[in-house]
Amino acid sequence: MSGTVYLIGAGPGAPDLLTVRAARLLGEAEIVFHDALVPAEILALAPRATCIPVGKRCGRYATAQRFINKQLADAARKHRVVVRLKGGDPMLFGRAQEEIGYLRSQGVEVEVVPGVTAALAASAELAVSLTQRGRSRSVAFVTPRVGGGEAPSNWLQATLAADTAVIYMGAGDAAAISASLIAAGKPAHTPVAIVASVSLPEAHTVYGTLAEMPQLVGRVRGAPVLMLIGEIYGRALAKAVQQERCAIG
Ligand SMILES: C[S@@+](CC[C@H](N)C(=O)[O-])C[C@H]1O[C@@H](n2cnc3c(N)ncnc32)[C@H](O)[C@@H]1O
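Computed from a predicted model, the values in this text were never measured in an experiment.

1. Thoughts on the site of the ligand
Close to the ligand lie 16 residues, the nearest being Pro-12, Asp-89, Leu-92, Thr-117 and Val-225. Between the ligand and Met-169 there is a distance of 3.0 Å, counted from an oxygen atom to a backbone nitrogen or oxygen. Summarising the interface, the protein chains cover 85% of the accessible area of the ligand, which totals 570 Å² for the free molecule. Of the residues that constitute the shell around the ligand, the class distribution is eleven nonpolar, four polar and one charged.

2. What about the nonpolar core?
Of all hydrophobic cores here, the largest spans 20 residues; its most connected members are Ile-177, Ile-194, Met-213, Met-227 and Ile-229. Beyond its immediate chain neighbours, meaning those up to four positions away, Met-227 contacts Ala-165, Val-166, Ile-167, Gly-170, Ala-171, Ala-174, Ile-177, Ala-193, Ile-194, Met-213 and Val-217.

3. A look at the pattern of salt bridges
Counting across every chain of the model gives seven salt bridges. The partner of Asp-74 in a salt bridge is Lys-70, with the nearest N and O atoms 2.8 Å apart. Here Lys-70 and Asp-74 lie together in helix 3 (residues 61-76), a separation of four residues that amounts to about one turn. Between Arg-77 and Asp-74 there is a salt bridge; the shortest N-O distance is 3.2 Å. Given a relative accessible area of 39%, Arg-77 falls into the partly exposed group. The structure contains a network of salt bridges with shared partners spanning Asp-35, Arg-84, Lys-86 and Glu-99.

4. As for unusual backbone geometry
Cis geometry is found at the peptide bond from Ala-223 to Pro-224, where omega equals 0 degrees. Among the structural elements, Pro-224 can be located in the loop between helix 8 (213-219) and strand 10 (225-230). Even without being a glycine, Ser-197 presents a positive backbone phi close to 50 degrees. For Ser-197, a relative accessible area of 4% translates into the label buried. Even without glycine at this site, Ser-199 takes up a positive phi of about 80 degrees. The exposure class of Ser-199 is buried, given its relative accessible area of 17%.

Rules used throughout
- Residues numbered from 1 in each chain as written.
- Predicted model: local features only at pLDDT ≥ 70, side-chain atom pairs only at ≥ 80, totals over all residues.
- Heavy atoms only, no water.
- Near = heavy atom within 4 Å.
- Polar contact = N/O pair within 3.5 Å; in protein donor to acceptor, adjacent residues only side chain to side chain.
- Areas by Shrake-Rupley, 256 points an atom, 1.4 Å probe, with all protein chains shown as cover.
- Nonpolar A, V, L, I, M, F, W, Y, C, P; charged D, E, K, R; others polar.
- Core = buried A, V, L, I, M, F, W, Y, C linked by side-chain atoms within 4.5 Å.
- Buried < 20%, exposed > 50% of the residue type's maximum accessible area, 1.4 Å probe, protein only.
- Contact = heavy atoms within 4.5 Å.
- Salt bridge = Lys/Arg side-chain N within 4 Å of Asp/Glu carboxyl O.
- Helix = DSSP H or I, 4+ residues; strand = E, 2+ residues; numbered from the N terminus.

The following block contains the structure:
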């Protein structure tokens, strides 16, 4: 038996943001290896499959990744349809390349099914387009998170160079991120949106400025958290400030 491993994007959480192709393959799957954040409603679309959580935890990435790679290759020797289900889109901050590389080196067929990444789901939720004529012509998706033994991240330069930046996996470092950007010349009053649990009923957003970022991360309810920075959030920030004033007054 030599099956195919499908690297599938589960999207940001809402089951109805899954692609039709992803839902069909889940229905055919015999075994599903899934990230910690994939909700039960999405796993329920794979009724014939054994579902195995393979969520990784900070600091144990390398070992965990090697183990996942091997589990996927072993499963492809026993099953026709093997699904590796990842949050958002598998090709963004999802270590997909390591899995593709290992599986190909083992002679295992791999196919990738895209998913809705958190940044795009957040933009839909906020109803603020990431690109806007004359205001935002470049967008950077960055993470300051660096694994052990990896080269340093150039997130700072990328964030400064783009009109709009979306920071993944950054909430725990909000104070350092804000301080580094301001020290590098980004105006302290640049608007930011902090969004938690995008696409889920408990989704929560707070607006503020770059200088206020650490406090905003403390105020937002839930996880995971995405941080969006740019002048395009100025209108929503002004509205949030006005609403707050009305609530107080
Ligand atoms: C390991 S990265 C995976 C990103 C994923 N591949 C994607 O395309 O969205 C995990 C980070 O994505 C962001 N994220 C993922 N899902 C999210 C959601 N529903 N709401 C807010 N942020 C989310 C958070 O910054 C989280 O720390």
